[in-house]
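# Notes for the structure review
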Amino acid sequence: MTLIVALDKPQSLGLVDTLCGVASGFKIGVPLLLDVGLEGLRRARSRCSDALWVADMKLADIGHVMALTARRLAGLVDAVIAHGFVGLESALDILAEECRRMGMKLVVIASMSHPGSRIYDKVLEDVLEVIEAVKPWGVVAPATRPNIIRRVRRRLGCSVAILSPGIGAQGASPGDAICAGADYEIVGRAITSSENPLQTARNILEQQRRCRRACREPQQT
Ligand code: BMP
C-alpha cells in the first residue's frame, strides 16, 4: 500500500475506522493534535494499530527541544517529521539519536510542496547532505515537483522511504510521485473533504496502480 492519509481537520479522526486497512498510514497534523490531545491520539491509534502513525510536528528547533517533543510522542506514533533546514549539529543529530533510542522512525523534510518552497530548493544539495548524515527512515519530497523526488532518490538511494504530499488539493495527481520514485503519497483534503472518503481512497490507490504500471513499462518508440 502506498497511501498515507493526512488528518488535519477537526473531527477527521473518525475516518480512521473507515480507512483502516485501506490506507498504509495516517499522518496527524498539529491542528488535529491540538484538538484531540495525546489521549485522543492514543485512542485513535488503538482502533487501527497496524497502520503507520506519523506525527507531523514539523520540528524545527534546537536538538534538545526536538528530542523532548519526540519523547512526548513515544508509544503514540511510529514516526515523527522534522525540517531538514535546521541542520545536523546540535539539531537533527540529537533528534535522530533520541528517535533511535525510542525506536521511533524519523522523517526529514527535503523540500515542500507549496510554491514558496523554492527557498528550500535553493539549498536542496545542502539539505540532502544533512539528510545523508542523519540517515532518517524517511524523507518528505513534493509530489508537485517530481524532479525534486528524482533528485532525492538519486542522491539517497533506495534505503530511504520517500513520502510525497501535494496530491489533489495542491495540484499533483495520484501516481505522479510514485512514478518519480516515491514510496508513499500523502493525501489530505482530497479524501477528508470528499463525500465518500473510502471510495476516494480506493480510487486513488487504483490510479496509483495504473500509473505505476504505465511508468514502469518500457516506452514504445
Ligand atoms: P492536502 O492533501 O490536504 O493538501 O494535505 C497535505 C498534507 O501534507 C498536509 O497535512 C500538510 O501539512 C502536509 N505537507 C504538505 O502539504 N507539503 C509538504 O511539503 C509537507 C507536508 O507535510
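Going by the structure above, here's the rest.
Residues numbered from 1 in each chain as written. Predicted model: local features only at pLDDT ≥ 70, side-chain atom pairs only at ≥ 80, totals over all residues. Heavy atoms only, no water.

## Some remarks on unusual backbone geometry
Inclusion rule: Each helix corresponds to a stretch of at least 4 residues labelled H or I by DSSP, and each strand to a stretch of at least 2 residues labelled E; elements are numbered beginning at the N terminus. Three exposure classes are used, based on accessible area relative to the maximum for each residue type with a 1.4 Å probe and protein chains only: buried under 20%, partly exposed in between, and exposed over 50%.
The residue Q11 is not glycine, and still its phi comes out positive at about 70°. Following the sequence through the fold, Q11 ends up in the loop between β1 (3–7) and α1 (15–19). Among the residues examined, Q11 registers a relative accessible area of 71% and is labelled exposed. Residue S90 is not a glycine yet carries a positive backbone phi of 60°. Among the secondary structure elements, S90 is positioned in helix α4 (residues 88–102). Exposure remark for S90: the relative accessible area of 49% places this residue in the partly exposed category.

## Quick look at the site of the ligand
Inclusion rule: It suffices for a single heavy atom of a residue to lie within 4 Å of a molecule or strand for the residue to be listed as near it. Two N or O atoms count as a polar contact when they lie within 3.5 Å, although within protein this holds only if one can serve as hydrogen donor and the other as acceptor, and sequence-adjacent residues are included solely when both atoms are side-chain atoms. Under the convention used here, a 1.4 Å probe and the Shrake-Rupley method define accessible areas, while residue burial counts only the protein chains that appear. Cavity and pocket criteria rest on a 1 Å grid covering protein atoms alone: a 1.4 Å probe that fits but cannot get out defines a cavity, protein on both sides within 12 Å along at least 5 of 7 lines defines an open pocket, and an atom within 4 Å of a point defines a lining residue. To qualify as sitting in a cavity or pocket, a molecule needs more than half of its atoms within 2 Å of the grid points.
Neighbouring the ligand are 15 residues, the closest being D8, K27, S113, G188 and R189. In this structure, an oxygen atom belonging to the ligand sits 2.6 Å away from a side-chain N or O atom of D8. In this structure, G188 approaches the ligand through a main-chain N or O atom, which is 2.8 Å from an oxygen atom. Protein burial of the ligand: of its 480 Å² of free accessible surface, 89% is covered by the chains. With respect to the detected pockets, the ligand is housed in the largest pocket. Elements supplying a minimum of two residues to the shell around the ligand: β3 (52–59) and β8 (184–187).

## Here's the deal with the pairing of strand β5 (residues 105–109)
Under the convention used in this document: Pairing between strands is defined by DSSP: at least two bridges between them are needed. With the strands pointing away from the viewer, any crossover whose connection runs clockwise from the first strand over the helix to the second is right-handed.
For β5, the tally of buried residues reaches four of five residues, placing the bulk of the element in the interior. Here strand β4 (residues 79–83) runs beside β5; their pairing, made up of five bridges, is parallel. Residue pairing across strands places A79 opposite K105, the latter belonging to β5. Each parallel crossover has a hand, and for β4 linked through α4 to β5 it is right-handed. Where β5 meets strand β6 (residues 138–140), three bridges bridge the pair, whose relative direction is parallel. Paired with V107 across the bridge in β6 is G138.

## Considerations on helix α6 (residues 124–134)
Formally: In this description, the arc belongs to the directions extending from the helix axis to the C-beta atoms. The contact definition used throughout considers only heavy atoms, calling two residues in contact when any of these lie within 4.5 Å.
Turning to α6, its buried residues are L124, V127, L128, V130, I131 and V134. Taken end-on, α6 shows its buried residues confined to a sector of 155°, consistent with a single buried face. Packing partners of the buried residues in α6 comprise α4, β5, α5 (118–122), β6 and α7 (146–156). Just past α6, the residue K135 takes up positive phi, approximately 55°.

## A short note on the pairing of strand β2 (residues 25–29)
On any regular strand, side chains alternate: one points to one face of the sheet, the next to the other face. Burial analysis of β2 places five of its five residues in the buried class, the great majority of the element. Neither face of β2 is left uncovered, since the one carrying G25, K27 and G29 and the one carrying F26 and I28 both have all their residues buried. Bridge count for β1 against β2 is four bridges, and the pairing is parallel. Residue pairing for β2: V5 is matched across the bridge by F26.

## Remarks on the pattern of salt bridges
Close approach of charged atoms allows side chains of opposite charge to pair. The condition that has to hold: Counted as salt bridges are all cases of a side-chain nitrogen of Lys or Arg within 4 Å of a carboxyl oxygen of Asp or Glu.
Within this structure, the stated rule accounts for 16 salt bridges. Across the pair D56 and K27 runs a salt bridge, and its minimum N-O distance is 2.5 Å. Of the two residues, D56 is situated in strand β3 and K27 in strand β2; the sequence distance between them amounts to 29 residues. Of the residues examined, D56 reaches a relative accessible area of 5% and is grouped as buried. Exposure remark for K27: the relative accessible area of 8% places this residue in the buried category. The salt bridge partner of R153 is D183, with a shortest N-O separation of 2.6 Å. With R153 in helix α7 and D183 in the loop between α8 (176–180) and β8, this residue pair connects regions lying 30 residues apart in the sequence. Of the residues examined, D183 reaches a relative accessible area of 29% and is grouped as partly exposed.

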